[in-house]
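Topology and contacts: notes
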Amino acid sequence: MPDLSADPHRPIYHFLPPDNWMNDPNGPIFYQGRYHLMYQYAPDVADGWGAKHWGHAVSDDLVHWEHLPIALSPDQTAGDQDGCYTGSAVLDDDGTPTILYTGVHPQVQCIARSRDGMQTWDKRACNPVIAEPPAGIAPKNFRDPCLWREDDGWYMVIGSGVEGVGGRALLYRSPDLMDWEYLHPLCEGVATETGDMWECPDFFALGDRHVLLISALGEQIYFIGHYNDATHRFEPESEGRIGGGVCYYAAKSFADGDGRRILWGWLRERRDREAQIAAGWSGAMSLPQALTMLPGARLGIEPASEVEALRGKALVDDAGSDLSGIRGDALEIELEVAMGVDAAVELGVRCTPDGREETTVRYDGAAQIIELDMTRSSVGKGVELAVHSRPLTLARGEALRLQVFVDRSVIEVYANGRECLVGRVYPTRSDAVDLRMRTSGDVAVNCLRVWEMPSIW
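Right, let's talk about the side chain of aspartate 144 for a bit. Looking at where aspartate 144 falls in the secondary structure, it is placed in strand E9 (residues 143–150). With a relative accessible area of 3%, aspartate 144 lands in the buried category. Within the structure, aspartate 144 has its side chain in polar contact with the backbone nitrogen of cysteine 200 (distance 2.9 Å). Contacts of aspartate 144, omitting those with residues within four sequence positions, involve Thr86, Thr102, Gln109, Val157, Ile158, Gly159, Glu199, Cys200 and Pro201.

Encoded structure:
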């Protein structure tokens, strides 16, 4: 296995596999006091064209990880001969860890169980458990099962859609996770609004409502609404985005031992295929994110509290705004600012001394927009330069609260517990490690703290 630790773009405190390609988080589950994270993995290539397996890792604290043997591999006899695609993990009615996942080709739904504490997985001899889509639908695709238990049995949604019509989350029911009955679409979309294919559906209760997450149009979209457990239909009342753009995708959640809803997202590369192959790796996982239901059917999102355990040496702990002399490419920055209505604040990270390369987190009080500006993040070739943004309205007297995580090529921004922006940046210069702050208008810095973030590997 090549030593990739010297790669200046490879994250050091985000989760990622030992090498080569990763994409969707799969089957995260809390089992026997430990956190298990599985993920789409191509163990032999770095560009995503290899057959997909399920990588597997385990953690005692949600942030430090131990790699385990591959959980699922393609099998000529199991209905997944061309790849083990995305799915979910649950504990069946006997407490046995069970995976439902999509096998290809064609796209079918398969089952696997572990009877040795999630060390190895046995695929059911008569896979697939669902061999084709429902009659009369002719979906564009048919994949990525998500499971949950109700009083009368197991339920599952599968990502689908009809070309030119809209995406769909198709609802199934089973008494035993093996024999499945198709019911109807749990929810349907309009192609011009949310695309004609909904990938990676994730459906769960949160507070007094339900949330349906989908991946569509290259973004992570969520709907919040009410689920009728008599008719088994979901009626959205609000929607939003996580990540602010195409860097964050295929998000998957699970309930931990305390009942929290923890979310993972795939952080996609935004550099060309040749660069990924040359690097020998591609993709990373977001930090674990804790979801809450806010008033007005809004989704709350923050880093899980366990992320604080990653903090190393404190570089700044001050109410001032002086960042001169503070440098690093693996940092956490916490900033709280009281702002006038027309004020603005900018925080620059991964900056070169001459400003040729710089990534900026910006809040514009007049426009009420939070931005992650990567248009000057690199002068290199073959990388995407973009601006990701989300509306963020501060209530009267509410301060702007930012948590910014810099991990070499990964930038994660959390604002006031309700917005998240994610980007990938690839500075070419080794001196792109400075921090800067700029303000305009009526601005008072209440809190500014910066920590070094040591490697978890």
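Now for the pattern of salt bridges. Under the counting rule described, the total for this entry stands at 37 salt bridges. Linking arginine 271 and glutamate 269 is a salt bridge whose minimum nitrogen-to-oxygen distance equals 3.3 Å. Side by side, arginine 271 and glutamate 269 carry an identical accessibility label, which is buried. Glutamate 334 serves as the salt-bridge partner of arginine 449, at 2.5 Å between the closest nitrogen and oxygen.

What follows deals with the sheet that holds strand E14 (residues 209–216). Overall, antiparallel pairing links the four strands, which are arranged E13-E14-E15-E16 in an open sheet. The outermost strands of the open sheet, each flanked by one partner alone, are strand E13 (199–206) and strand E16 (233–242). Strand-to-strand twist across the sheet, computed as the mean angle between neighbouring axes with direction ignored, equals 25°. Pairing analysis gives six bridges linking E13 to E14, with the strands arranged antiparallel.

This brings us to the environment of arginine 260. Its place among the elements puts arginine 260 in the loop between strand E17 (248–255) and strand E18 (261–267). Linking arginine 260 and glutamine 289, residues 29 residues apart in sequence, is a C-alpha distance of 9.9 Å. Setting aside its immediate chain neighbours within four residues, arginine 260 contacts Tyr35, Leu62, Phe254, Ala255, Ala304, Ser305 and Glu306. In terms of polar contacts, arginine 260 uses its side chain to reach the side chain of aspartate 256, at 2.7 Å. Here the side chain of arginine 260 touches glutamate 306 through a polar contact of 2.6 Å, side chain to side chain.

Turning next to the environment of leucine 315. Inspection of the secondary structure puts leucine 315 in strand E23 (residues 314–318). Between the C-alpha atom of leucine 315 and that of threonine 98, which follows or precedes it by 217 residues, the distance is 45 Å. Leaving out residues up to four positions away in the same chain, leucine 315 has contacts with Ile326, Arg327, Leu331, Val450, Trp451 and Glu452.

A separate point is the nonpolar core. In this structure, Tyr13, Trp65, Val211, Ile242, Leu299 and Leu310 are the most contacted members of the largest nonpolar core, which totals 51 residues. If we skip the residues at most four places from it in the chain, leucine 299 touches Leu206, Val211, Tyr222, Ile224, Ile242, Leu291, Thr292, Leu294 and Arg418. With 33 residues, the next largest nonpolar core counts Tyr363, Leu372, Val425 and Met437 among its residues.

What counts and how
Residues numbered from 1 in each chain as written. Predicted model: local features only at pLDDT ≥ 70, side-chain atom pairs only at ≥ 80, totals over all residues. Heavy atoms only, no water. Helix = DSSP H or I, 4+ residues; strand = E, 2+ residues; numbered from the N terminus. Buried < 20%, exposed > 50% of the residue type's maximum accessible area, 1.4 Å probe, protein only. Polar contact = N/O pair within 3.5 Å; in protein donor to acceptor, adjacent residues only side chain to side chain. Contact = heavy atoms within 4.5 Å. Salt bridge = Lys/Arg side-chain N within 4 Å of Asp/Glu carboxyl O. Pairing = 2+ DSSP bridges. Axes fitted to C-alpha atoms, helices over the stretch in contact; angles between N-to-C directions. Core = buried A, V, L, I, M, F, W, Y, C linked by side-chain atoms within 4.5 Å.

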